[in-house]
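Chain by chain, the residues run as shown.
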Amino acid sequence: MLVLSILLAGCSGGTATPTPEPLALITEAARSIRDAESFAVSIERTGAPVYIDQAGIINFLRANGHYVAPDRVQARVRVLVSGIAGDVDVIAIGNDQYYRHAILTGGQWINAEFSPGFNAEDLVRSESGLSRAMGALNDIALQGIEDIDGVAMWHLTGSAVGSEVSALTIGLIPAQDDVLVDLYIRVDNGHAERLVIVQPDTVSEEEPVPSTWTVEVYDYNGDYTVEAP
Amino acid sequence: MQAFARRFTANRPRTNPSPWLVLALVSLPVFIGALDLTIVSAILPEVIVELQIPLESGLDDVAWVVSGYLLAYTISMTFMGRVSDLIGRRSVYLICLGIFIIGSIWVAGADGLPADAIMSLARRMGQRPDPTAVALLSLIIGRIVQAFGGGALVPISMALVGDLFPPHRRAQPLGLIGAVDMAGWVVGHLYGGIMVQFVDWRTLFWLNVPVGLLALALTWWVLRGVRQPRAAGGFDFVGALLLGLTLAAISIGLGANTEVTADMTTFEELSTLPPYTGPLLLVAALAFALFLLVERRSSNPLIDLALFRRRNFTAGNLTSLIVGFALMIGLVSVPILINIRAEDVSQLTGAALSVGLVMSALTIPMGLAAVPGGWLSDRYGHRLPTAVGLVLAAIGFVLAGLRWFETVSYGEMALHMIMVGVGLGLTTSPTSAAVLNAAPDDRRGIAAAIDDMLRLLGMTLAASSLTTIALRRVSVLAVDRIGETVAMTQEAINIYVSITAQVIRELALLGALLCILALLPAWMLRGGRAKDFQAEYEQAQHAARPAGD
């Protein structure tokens, strides 16, 4: 019985998942993001620091939040100011933004722009947003299936024009030169779950490790709400 | 061949090492375990910066690096002595030392492999925790493992004294273990503060590994020749479980702090306690009531409650509990006031040394004052030096409460801490002596352990609750001072520094109040003069002499 099971498993393993076209995978993944009613998202930066303000004081670390269609986002953004970590809570509804910080705003929400020009609908739903970013990948190659924390995912690699990535992320990823991209798409439902962007141009003598952005999109159509505070 | 093997395994005659050599070798890990109790006070800011822990929402969790160790150390102290009675000192001692070494390795690499393993496990369970929170959790778990091993070494060493020395010669070795334990946590912050000038904070924990392994080999060798009596009776599992539950629930309940959620919209909400605080404190109360019930009925109780019927035993332990709490106020306030004055993270390493030095002004005089405290106790009884010490400590706290603004000099802080240290130090010998003398001869080991445990319990409760009190108070004051306007960064930081200094002054006044409160049990202490003991001893000798002698 055990031998039979192993044989059956071996047979099914050999024919289960036909290799898809990389472009078709990406198109389907982009569509699922664009059509989602909601999803959770996390963005993490490792390696060389990236400053998100003009003065070069606020160093972005990570953000966790959720998106609710068509234009609502709520996130907690962790930044380093003078080496000390702090959290800023941000809510964006259309072009309206609110934020609060325990020290800077005394924990009170204020109605002011935290990220000038940010609009969730432009980023997620429009044809010029994330969908275009994913479609603009060059030199795409399918590396195969990988197990990421117990979930089988297609692993695709490619590159993208830095300035385009920068424009699409409203300057959050301030790339100038080409960036390297690793995209992970779930085998079971075709959802893009992880995007790793490496900026080789950030390497310097002081910072030998390039800035690396890990964007994770998950819990598609989960039960989230975003309200103005 | 079999006979040959038997000759060299079972019942092989062993040379008995000197009891003092055994004691010296088992004391080394006791010292390191106690050192790690306070070592983090100096290095915690470095840890906060390196692990990128947000100050406004992560400070209460960071406090668990200290209070988690204290809690596990205290819980381990309560029952590991008894476990060693039942299954043998040597094996339990070596296992606990091994646990301490494993915990040290875990702490040293907390944000590496262990954190990755926790993160991977969480993600496989569908969770996506904050990597910073996972690294901190990993650090706290490592500290708890370390403390569980380290805390056990004290009661096992004390119990070992009973195996090595006859009853009339146990006072000195018991005192030595107490002194080694105290010396460890007295110099912990200074050691941490100095070492962090040269090495990364992780190295301090890596250093425990070779020292621990050497101690493991030496104690394995030296304990081979020691008689291993096994006590009859069973282990009070229910009592140990209930006491552990009580201590954990009360610490977590008191330490329950603001949990910032996305739903909160005002600072007032930020300053409310989470909903589990009340239920946890209720669980602690119920578990403690059950513990008392179980102990009264148990034939092998973990703690002999009958001891608390003795006036000096209860009064001495109560004083120790409050002294432990007051001591922690000093230990918590100094690092915070010094670190908030650092203008940027590059100054934190220097601040660590200042923290170590100013805290030593509290702890070293405290350790040294135990000697005149004992002498005064012999001459004037337990009550007087305890009361004098508490009044002196209260004056030191009052001065800190009046003078510790953000501009106070380190010299002035040190002066006030010396007063507190000398004051609290004067109380340790008389209260310990009162507790020990109140216990029957065969219960002195457990009596000493209870006294130590209650002092540590006071420190644990203080460490967990003071962060809550301080953060809540800071948030309430921030609402008043910052209001609903957006402050400029530097202005906001200045306001917070000033508010934090104010809260520390308030904590110092709380310390003074506690010292005054401790005068009540201190006043209940009776006797203790050496000449009274001498008279009692001569009377007993006289009564024992056969008539006609």
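Residues numbered from 1 in each chain as written. Chains lettered and ligands numbered in written order. Predicted model: local features only at pLDDT ≥ 70, side-chain atom pairs only at ≥ 80, totals over all residues.

## Concerning the overall build of chain A
In step 1: Along chain A, the regular secondary structure elements total 5 helices and 11 strands.
In step 2: In chain A, buried positions account for 34% of the 229 residues. (Helix = DSSP H or I, 4+ residues; strand = E, 2+ residues; numbered from the N terminus. Buried ≥ 20, exposed ≤ 12 C-beta atoms within 10 Å, placed from the backbone.)

## Observations concerning the overall build of chain B
In step 1: Along chain B, the regular secondary structure elements total 19 helices and 0 strands.
In step 2: Sorting the 549 residues of chain B into buried and exposed places 52% on the buried side.
In step 3: Counting contacts in chain B only where the partners sit at least 6 residues apart, residues at least 24 apart contribute 88% of the total. (Contact = placed C-beta atoms within 7 Å.)

## So, the nonpolar core
Residues and elements named next belong to chain B.
In step 1: With 219 residues, the main nonpolar core has Ala326, Met328 and Ala393 as its most contacted residues.
In step 2: Broken down by element, the residue count for this core peaks at 19 residues, all from helix 6 (residues 131-164).
In step 3: For Ala326, the contacting residues outside a window of four places in its chain are Ala393, Leu424, Gly511, Leu514 and Cys515. (Core = buried A, V, L, I, M, F, W, Y, C linked by C-beta atoms within 7 Å.)

## What about the packing of helix 14 (residues 348-380) of chain B against helix 16 (residues 410-438) of chain B?
Residue and element names in this part refer to chain B.
In step 1: For the pair helix 14 and helix 16, the least separation of the axes is 6 Å and the interaxial angle reads 35°. When the axes of helix 14 and helix 16 are compared, the crossing they make is right-handed.
In step 2: Looking at side-chain class alone, the contact of helix 14 with helix 16 contains 20 nonpolar, 11 polar and no charged residues. (Axes fitted to C-alpha atoms, helices over the stretch in contact; angles between N-to-C directions. Left-handed = near helix turned anticlockwise from the far one by under 90°. Nonpolar A, V, L, I, M, F, W, Y, C, P; charged D, E, K, R; others polar.)

## Observations concerning unusual backbone geometry
All names here are of chain A.
In step 1: Between Ala69 and the following residue, Pro70, the backbone shows a cis peptide bond with an omega angle of 0°.
In step 2: With a phi close to 50°, Asp149 is a non-glycine residue in the positive phi region.
In step 3: In this fold, Asp149 is placed in the loop between strand 7 (138-148) and strand 8 (151-160).

## Description of the pairing of strand 5 (residues 96-100) of chain A
Regular strands place their side chains on alternate faces of the sheet.
Residue and element names in this part refer to chain A.
In step 1: Among the 5 residues of strand 5, 4 are classified as buried, and the element is accordingly described as predominantly covered.
In step 2: Bridging between strand 4 (residues 84-93) and strand 5 involves 5 bridges; their strand directions are antiparallel. The residue of strand 5 that forms the bridge with Ile93 is Asp96.
In step 3: The hairpin formed by strand 4 and strand 5 contains 2 residues between the paired strands, and Gly94 there has a positive phi angle of roughly 60°.
In step 4: Pairing of strand 5 with strand 6 (residues 110-111) involves 2 bridges; the strand directions are antiparallel. Looking at the pairing, Tyr99 lines up with Ile110 of strand 6. (Pairing = 2+ DSSP bridges.)

## Points about helix 12 (residues 277-297) of chain B
All names here are of chain B.
In step 1: The terminal C-alpha atoms of helix 12, which comprises 21 residues, lie 31 Å apart, in line with the 30 Å expected from a rise of 1.5 Å per residue.
In step 2: Among all positions of helix 12, only Leu280, Ala284, Ala287 and Phe291 are buried. With its buried residues spanning 70° around the axis, helix 12 presents them on a single face. In helix 12, the exposed positions that point more than 90 degrees away from the buried face belong to Gly278, Pro279, Leu282, Ala289, Arg296 and Arg297. (Expected span 1.5 Å × (residues − 1). Arc of directions from axis to C-beta.)

## Considering the pairing of strand 9 (residues 179-186) of chain A
All names here are of chain A.
In step 1: Two strands pair when backbone bridges link them, and strand 8 and strand 9 are joined in this way by 8 bridges, in the antiparallel orientation. Note that in strand 9 the partner of Trp154 across the bridge is Ile185.
In step 2: As judged from the 6 bridges shared by strand 9 and strand 10 (residues 192-199), these two strands associate in the antiparallel manner. For Val181, the partnering residue across the bridge sits in strand 10 and is Ile197.
In step 3: Between strand 9 and strand 10, which pair antiparallel one after the other, the connecting turn spans 5 residues, and Gly190 there sits at a positive phi close to 75°.

## Examining the packing of helix 4 (residues 89-108) of chain B against helix 6 of chain B
Residues and elements named next belong to chain B.
In step 1: The contact between helix 4 and helix 6 brings their axes to 7 Å, and the two run at 155°. In terms of orientation, helix 4 and helix 6 fall into the roughly antiparallel class. Once helix 4 is placed against helix 6, the crossing between them reads as left-handed. (Parallel < 35°, antiparallel > 145°, perpendicular 65-115°, else oblique.)

## Thoughts on the sheet that holds strand 5 of chain A
In step 1: The strand order across the open sheet formed by 11 strands is 6-5-4-3-2-1-11-10-9-8-7 (chain A), and the pairing between neighbours is antiparallel. Strands with a single pairing partner mark the edges of an open sheet, and in this sheet they are strand 6 and strand 7 of chain A.

## Comments concerning the confidence of the model for chain B
Residues and elements named next belong to chain B.
In step 1: Confidence along chain B averages 82 in pLDDT terms, with 87% of residues attaining 70 or more.
In step 2: Counting interchain partners and residues more than four positions distant, the pLDDT-below-50 stretch residues 1-13 has 0 contacts.
In step 3: In the model, residues 258-271 has pLDDT below 50 throughout and makes 29 contacts with residues more than four positions away in sequence or in other chains.
In step 4: We note a pTM of 0.80 for the whole complex and an ipTM of 0.78 for its interfaces. (pLDDT = per-residue confidence, 0-100.)

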